[in-house]
Amino acid sequence: MAAKIPLASISTARQVPKWSELREVVQFRKPDLDRTARRLHNALTIADLRKAATRTTPRSVFDYVDGAAEEEITAARNVAAFRRVVFRPDSLHSVADPDTSVEVLGKRLPVPVIFGPTGYTRMMHHHGEAAVARVAEHVGVPYALSTVGSTSIEDVRAAAPGADLWFQVYYTTDEKLNEMLLSRAEEQGYTTLVLTVDTAVSGMRLRDVVNGLTIPPTLTAKTVLNMSRFPGWWVHKLTTAGIGFASLDEVEGNPTPGAVASMLFDPALDFTSVDWLRRRWTGPILVKGVTTPASAREVMERGADGVVVSNHGGRQLDRTPATLDVLPAIRAAVGQQATVLLDSGVRHGLDVVAARALGADAVMIARAYLYGLMAGGQDGVARAFEILDGEYRRGMQLLGVRRSEDLADRHVGLGPPALDPTA
Ligand SMILES: Cc1cc2nc3c(=O)[nH]c(=O)nc-3n(C[C@H](O)[C@H](O)[C@H](O)COP(=O)(O)O)c2cc1C
C-alpha cells in the first residue's frame with residue numbers, strides 16, 4: 001500500500017568503491033588456531049565459560065561442580081538474590097582512573113575478589129589447584145587451598161612461591177590430624193586460616209548420586225562410553241598423577257576417600273573449635289559458613305578476625321537464605337572492624353559491586369573460576385578473573401563511584417529478603 005504522507009523519493013548519490021575506505025571498515029583478524037584460546041576469547045561472561053565447560057568436561061564432573069544439595073533451592077536463591085539488585089547511579093562524578101582496590105586483613109587487593117577453596121580441583125582439569133594459585137599470584141589476590149585439595153600444601157606453594165596463600169581447614173576430633181595440617185600450612189607460609197563450619201555432615205548432592213560420581217573417578221562401562229566424547233579430559237586424567245587428597249597422604253592406614261570425609265566432617269563440631277584454633281594459630285582466622293548475626297558475633301567474641309558469609313554455594317543445607325540477603329545484618333552485628341567476606345552465587349562483576357555496597361570487604365569465588373578451569377585450564381581461570389575484573393570496574397564507573405571504598409548501600413536497592421535475616 002502506498003504511503004499516505006506524500007514525500008518525494010530520496011535520491012542516493014553513488015561513487016566508485018574505494019579500496020582505502022573498505023580497508024578501514026573491514027578488519028581481518030588473524031584466525032586463532034588454538035581451540036582453547038578461541039574458546040576462552042569467545043567467552044564474554046562467566047555464563048559463557050560455564051557453557052564452554054559443558055563441551056570440555058565429562059557430565060558427571062561438570063555436575064559435581066554445578067550441582068548443589070537436595071532440590072538446589074539455595075543455589076538458585078543465591079544467584080537470584082544478586083538479580084534482585086537495583087543500582088542507583090550517581091552520575092556526574094569523575095570516574096576517570098577508578099581505584100578498584102580494597103584492603104583485606106591489612107593487605108591491598110587490586111579488586112575485591114578472592115579465590116575460594118574447592119576440593120579435588122585436578123578432577124575438573126589436570127592443571128588443578130596449581131593453576132588457581134598461579135593466577136592468584138599473578139593478579140595479586142589470595143587463594144584459599146582446601147584441606148581436600150588434590151594438590152598438596154607444599155606443591156601449591158611450590159607452584160606459586162609469591163602468592164598470598166590461605167588454608168581452609170575442617171576441625172576434626174583427630175587432634176594429630178589438625179596439628180599435622182596446621183604445622184605444614186605454617187611451614188609453607190600460608191597466612192590465613194579459613195575454618196569451614198557448615199559441614200556437620202556431607203550435603204546430599206543428588207546429581208552426583210544419579211551420575212554415580214566417585215572420587216577419584218573410576219572406569220565403569222558408562223564412563224568408558226563417555227570417554228569418546230571427552231577424549232582430551234580422559235587422556236590428561238590417565239596420563240597425570242592419580243587424583244586424591246594430596247594433603248592427607250600422611251594419615252595413618254591410607255583410608256578410603258569416604259573414610260577421610262567422615263573424619264573431616266565432624267557432627268560434634270561446636271564453637272570451642274574456634275577457641276582451639278585461636279590458641280594454636282597466630283595469623284588471621286576467618287570462619288566460613290556463617291549465615292546468622294548471632295553466630296557471627298559469637299565467633300568474633302571467641303577471637304576470629306572475621307567471617308565468610310557462605311552457605312557453601314547451596315551444597316550443604318538446602319532452603320537456607322541467599323547470602324546477599326543476610327549480609328547487611330551480619331555486617332551490622334560484627335561492626336566495621338571485622339573482616340566480612342561473602343560467597344555463594346557470585347557470577348558477575350556487578351555481583352561483586354552489590355556485595356561491596358551491602359557490607360562485604362570482598363567476595364570469594366568458587367564455581368565462577370571452576371567453570372573457567374574446566375573450559376581452559378590455567379588460562380580459563382585467568383579469563384574468569386579478567387571477566388569479573390572488567391565487569392566490576394565498569395560497574396563502579398557507571399555507578400559514578402571512583403573508589404571501591406566509596407561503594408555504599410545508597411547505591412543499591414534490594415527486594416525483600418527471602419527469610420528474616422535476624423532470626
Ligand atoms: C566443586 C566444589 C568443591 C568445594 N570444596 C570445598 C571445600 O573443600 N572446602 C570448603 O570450605 N568449601 C568448598 N566448596 C564451597 C566453596 O568454597 C564456596 O563456599 C561455594 O562454592 C560458593 O558458591 P559459588 O560456587 O556459587 O560461588 C566447594 C565448592 C565447589 C563448587
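In this text, all values refer to a predicted model and were calculated from it rather than measured experimentally.

Trainee: Whenever I open this one, the site of the ligand confuses me. Can you help?
Mentor: Near the ligand, the surroundings consist of 25 residues, among which Gly-119, Ser-146, Gly-313, Ala-366 and Arg-367 are the closest. Secondary structure elements with two or more residues in the shell around the ligand: α4 (59–66) and α18 (367–399). Tallying contributions element by element places α18 first for the shell around the ligand, with three residues. Across the shell around the ligand, the residue classes tally to nine nonpolar, 12 polar and four charged.

Trainee: Explain the environment of Arg-77 to me, please; I cannot follow it from the model alone.
Mentor: Along the chain, Arg-77 falls in helix α5 (residues 73–83). Judged by C-beta crowding, with 23 C-beta atoms within 10 Å, Arg-77 ranks as buried. Counting along the chain gives 116 residues from Arg-77 to Leu-193, while the straight-line C-alpha distance between them is 28 Å.

Trainee: Looking at this structure, I do not really get the environment of Ser-60. What am I missing?
Mentor: Secondary-structure assignment places Ser-60 in helix α4. C-alpha of Ser-60 to C-alpha of Val-209: the two residues are 149 residues apart in sequence and 9.7 Å apart in space. Here Ser-60 is in contact with Asn-211 and Leu-213, once residues within four sequence places are set aside.

Trainee: Explanation requested: the nonpolar core in the structure shown.
Mentor: Counting residues in each nonpolar core, the largest one holds 114 residues, and the members touching the most others are Val-307 and Val-363. The element best represented in this core is α18, accounting for 16 residues. Not counting chain neighbours up to four residues away, the residues in contact with Val-363 comprise Pro-112, Val-113, Leu-341, Leu-342, Asp-343, Val-346, Val-352 and Ala-355.

The rules behind the values
The residue numbering used here restarts from 1 in each chain and proceeds along that chain's sequence as written. Confidence filtering applies because this is a predicted model: local features only for residues at pLDDT of at least 70, side-chain atom pairs given and counted only at 80 or more, and all residues used for totals across whole chains, interfaces and linings. Each residue receives a C-beta atom built from its backbone; the residue is near a molecule or strand if that atom lies within 6 Å of it. Going along the chain from the N terminus, every DSSP run of H or I of four or more residues is numbered as a helix, and every run of E of two or more is numbered as a strand. Basically, the charged four are Asp, Glu, Lys and Arg, the nonpolar ten are Ala, Val, Leu, Ile, Met, Phe, Trp, Tyr, Cys and Pro, and anything else, Gly included, counts as polar. Labels follow a simple rule on C-beta atoms placed from the backbone: if 20 or more others lie within 10 Å of a residue's own, it is buried; if 12 or fewer, it is exposed; otherwise it is partly exposed. In this description, a residue-residue contact is defined by the distance between C-beta atoms placed from the backbone, which must lie within 7 Å. By convention in this section, buried Ala, Val, Leu, Ile, Met, Phe, Trp, Tyr and Cys residues joined through C-beta atoms within 7 Å make up a nonpolar core.

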